[in-house]
Amino acid sequence: MNQDHDHPHRPVPVTILTGFLGAGKTTLLNHILTERHGHRIAVIENEFGEVDVDSDLVLASEEEIFQVANGCICCVVDVRNDLVEILQKLLERKDQFDHILVETSGLADPSPVAATFFMDNEVAKKVVLDGVVTLVDALHVQPHLDDPALEDYDNQAVTQIVVADRILLNKSDLVPAAQLEELESRIRSLNQSAPILRTVQAQVDLSLILGLQSFESDALSMTDPHFLEDANDHVCDANCSHAHGTVPPLVAAPSHSHDPSVASVSFTFDRPFDAARLQRSLQDLLAIRGDDIFRVKGILHVQGDDRRHVLQGVHRILELKPSFPWWDETPASKLVFIGRHLQHEKLRARLEACLASHTEFNEALEAA
Ligand SMILES: Nc1nc2c(ncn2[C@@H]2O[C@H](COP(=O)(O)OP(=O)(O)OP(=O)(O)O)[C@@H](O)[C@H]2O)c(=O)[nH]1
């Protein structure tokens with residue numbers, strides 16, 4: 001499958017992996033990274049919260065994983081410049097991989113991300129957009145598609161479906177068949193051409209989502225003639241007045257607008273959590289606030305356990321699972337909440353109430 005060794009000048013295909021918060025992007029990424037598919041993939045990740053949890057959720061693999069700066073890749077200029085810089089560096093040693101995968105944050109519009117590949121003339125010559133793969137959360141997508149609070153703003157859940165080449169209707173285990181069919185027709189009304197694949201835990205035959213080559217830039221502009229212009233008023237070419245081969249100065253703010261009421265708050269704690277108390281407390285919180293709290297994720301230090309614990313919440317679904325040991329890393333917790341009307345201090349107080357008491361902590365330290 002690695003035909004690219006024989007064709008060093010062939011542009012490197014780039015897949016953009018997108019989908020709303022909690023839809024299953026990291027789950028798919030882990031599936032891709034652990035499957036024997038013959039591609040050597042460089043992964044670029046972008047996340048929304050200030051504290052990086054996502055890189056800890058990606059399984060160890062031989063592939064290289066790069067983080068672009070914190071902030072939304074589709075609308076923060078620095079983040080898009082960061083993406084161009086990473087691409088420039090990656091392309092200097094493109095003999096080491098044959099596919100690039102960009103996982104966007106769950107709130108990103110993939111169009112400006114795709115456009116970033118064409119902003120810099122040197123980068124544009126060396127990559128080809130292979131496809132946009134969109135994960136859709138079968139259980140939670142409906143209210144986001146119809147979100148009344150988005151009246152004056154772009155709806156990223158809709159945009160992500162509209163621009164997709166492949167749609168994975170994920171978490172199909174959580175929804176009855178009749179509802180899946182309704183969802184499929186809703187998705188079909190937004191995107192008539194992308195095949196919709198039902199998945200559980202994002203398990204999909206990778207030949208259906210990688211190597212599509214659907215997106216030569218001609219094909220891209222045929223899909224939506226305003227695709228690039230929408231993302232940015234400028235696409236570089238040989239006639240540009242500015243220098244190429246450096247970070248393009250014209251990565252301007254895109255024309256779309258995010259819902260400013262969606263924000264993220266992050267926390268770190270050295271003292272371990274009482275796992276049962278934390279789980280009860282967050283379940284109580286999500287039972288009441290689960291419409292507004294879209295996403296919770298964390299890597300946690302749990303009292304009396306030398307393994308990391310992974311906290312995953314999507315609206316009212318919450319799970320806390322042990323993962324691999326801390327090894328020589330000092331255990332500590334980091335958590336991110338993403339949603340509307342998040343009250344930082346109230347959340348902090350709730351979390352602090354779930355930490356193991358100082359006495360418990362000291363006793364555990366002495367016993368160790
Ligand atoms: N029941 C069920 N749970 C799933 C499925 N796919 C993923 N999940 C769970 O959904 C949660 C979120 O999955 P992630 O892969 O982290 O989602 P994401 O899109 O990367 O999340 P963000 O990066 O925060 O936007 C995790 O707890 C997964 O285990 C599925 O098909 N069925």
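Just so it is clear, the structure is predicted and the values come from calculations on it, not from any experiment. Numbers given to residues run from 1 along each chain, matching the order in which its sequence is written. Thresholds applied to this predicted model are a pLDDT of at least 70 for local features of residues and 80 or more for the giving and counting of side-chain atom pairs; totals over whole chains, interfaces and linings are not thresholded and use all residues. Excluded from the side-chain calculations are hydrogens and water; all other atoms, namely the structure's heavy atoms, are used.

Participant: Can you tell me about the UniProt feature "domain: CobW C-terminal" (unreviewed entry) in the protein chain, naming the residues and giving the values?
Facilitator: UniProt positions are given in the numbering used here, feature names are shortened, and annotations may be inferred rather than shown by experiment. Per the UniProt record, the feature "domain: CobW C-terminal" (unreviewed entry) sits at residues 262-355. The way it works is that DSSP assigns letters per residue, a run of H or I at least four long becomes a helix, a run of E at least two long becomes a strand, and they are numbered from the N terminus. Between the C-alpha atoms that bound residues 262-355 the distance is 27 Å, and the span itself is 26% helix and 45% strand.

Participant: Got a sec to walk through the environment of Val-133? Specific residues and values, please.
Facilitator: Looking at the element boundaries, Val-133 is found in strand β5 (residues 127-137). Classification of residues uses two cut-offs on accessible area relative to the type maximum, computed with a 1.4 Å probe and protein chains only: under 20% is buried, over 50% is exposed, and between them is partly exposed. Residue classification places Val-133 among the buried positions, given a relative accessible area of 1%. A sequence separation of 32 residues divides Val-133 from Asp-165, and the C-alpha atoms of the two residues are 6.0 Å apart.

Participant: Go over the sheet that holds strand β11 (residues 317-325), please, and point to the residues and values.
Facilitator: Strands in a sheet are paired, the pairing made by backbone hydrogen bonds, and the direction either parallel or antiparallel. A strand pair is defined by DSSP finding two or more bridges across the two strands. Here five strands make up an open sheet; going across it, the order is β8-β12-β9-β10-β11 and the pairing antiparallel. On the outer flanks of this sheet lie β8 (262-269) and β11, each paired with one strand and no other. Taken over all neighbouring pairs, the strand axes of this sheet differ in orientation by 10° on average, direction set aside. Pairing analysis gives seven bridges linking strand β9 (residues 293-301) to strand β10 (residues 307-314), with the strands arranged antiparallel. In this analysis an axis means a line fitted to C-alpha atoms, helices contributing only their contacting stretch, and an angle means the value between N-to-C directions, from 0 to 180 degrees.

Participant: How would you summarise the site of the ligand if you had to cite specific residues and measurements?
Facilitator: Around the ligand, the structure places 22 residues, and the nearest of them are Lys-25, Thr-27, Gln-201, Arg-295 and Lys-297. Lys-171 is positioned with one of its backbone polar atoms (N or O) 3.1 Å from an oxygen atom of the ligand. Pairs of N or O atoms within 3.5 Å make up the polar contacts considered here, provided that, within protein, one atom can donate a hydrogen while the other can accept it, and that residues adjacent in sequence are counted only when both atoms are side-chain atoms. Separating an oxygen atom of the ligand from a side-chain N or O atom of Lys-297 is a distance of 2.6 Å. Taken by itself the ligand offers 660 Å² of open surface, and the protein chains cover 90% of this. The element best represented in the shell around the ligand is helix α1 (residues 25-34), accounting for three residues. The nonpolar class holds Ala, Val, Leu, Ile, Met, Phe, Trp, Tyr, Cys and Pro. Asp, Glu, Lys and Arg form the charged class, and all remaining residues, Gly among them, are polar. Grouping the amino acids of the shell around the ligand by side-chain chemistry returns six nonpolar, eight polar and eight charged. Either an automatic procedure or a domain database provided the assignment from which the domain bounds are taken. Counting contributing residues per domain, the shell around the ligand is built from domain 1 (3-231) and domain 2 (262-367), each supplying no fewer than three. By convention in these notes, a residue is near a molecule or strand provided one of its non-hydrogen atoms lies within 4 Å of it. Note on areas: Shrake-Rupley with a 1.4 Å probe; residue coverage comes only from the protein chains shown.

Participant: Let's hear about the packing of helix α11 (residues 275-289) against helix α12 (residues 344-352): which residues, and what values?
Facilitator: As a packed pair, α11 and α12 sit with axes 9 Å apart at the nearest point and diverge in direction by 150°. In contact with Leu-278, Ser-281, Leu-282, Asp-284 and Leu-285 of α11, α12 contributes Leu-347, Arg-350 and Leu-351. Here the contact of α11 with α12 is built from residues that sort into five nonpolar, one polar and two charged. Contact criterion: two residues are considered in contact whenever any of their non-hydrogen atoms come within 4.5 Å of each other.

Participant: Describe in detail the packing of aromatic side chains, supporting the description with residues and values.
Facilitator: The geometry of an aromatic ring pair is captured by two quantities: the separation of the ring centres and the angle between the planes. Aromatic pairing here means that ring centres of Phe, Tyr or Trp (its six-membered ring) are within 6.5 Å. Orientation follows from the plane angle: under 30 degrees is stacked, over 60 is edge-to-face, and everything else is tilted. Summed over all chains, the structure comprises four aromatic pairs. A centroid spacing of 6.0 Å and a plane angle of 55° characterise the contact between Phe-20 and Phe-294, whose relative ring orientation is tilted. Taken together, the residues span a long stretch of sequence, with Phe-20 in the loop between β1 (12-19) and α1 and Phe-294 in strand β9 at a distance of 274 residues. No difference in accessibility class separates Phe-20 from Phe-294, as the two residues are buried.

Participant: So what's going on with the nonpolar core? Which residues, and what values?
Facilitator: The tendency in soluble globular proteins is for nonpolar side chains to be buried side by side. Think of a nonpolar core as a cluster: buried Ala, Val, Leu, Ile, Met, Phe, Trp, Tyr and Cys residues, connected wherever their side-chain atoms sit within 4.5 Å. Val-136, Ile-167, Leu-169 and Ile-187 are the most contacted members of the largest nonpolar core, which has 28 residues in total. Secondary-structure elements contributing two or more residues to this core are α6 (141-145), α7 (156-162), β6 (166-170), α8 (177-190), β9 and β12 (333-340). Counting contributing residues per domain, this core is built from domain 1 (3-231) and domain 2 (262-367), each supplying no fewer than three. Residues in contact with Ile-187, not counting those within four places in the same chain, are Val-136, Ile-161, Ile-167, Leu-169 and Ile-196. The next biggest cluster of nonpolar side chains, apart from the first, holds 23 residues, and it includes Ile-16, Phe-97, Leu-129 and Val-163.

Participant: Report on the domain arrangement of the protein chain, specifying residues and quantitative values.
Facilitator: One frequently used descriptor of interface size is the decrease in accessible area upon assembly of the parts. Assigned domains within the protein chain: domain 1 (3-231) and domain 2 (262-367). Domain 1 puts 23 residues into the contact, and the matching count from domain 2 is 20 residues. Contact between domain 1 and domain 2 buries roughly 1700 Å² in total, counting both sides, with carbon and sulfur atoms accounting for 67%. Any carboxyl oxygen of Asp or Glu that lies within 4 Å of a side-chain nitrogen of Lys or Arg is treated as forming a salt bridge with it. Joining domain 1 to domain 2, the criterion identifies one salt bridge. Simply put, the buried area is the total loss of 1.4 Å probe accessible area from both parts when two parts are fitted together.

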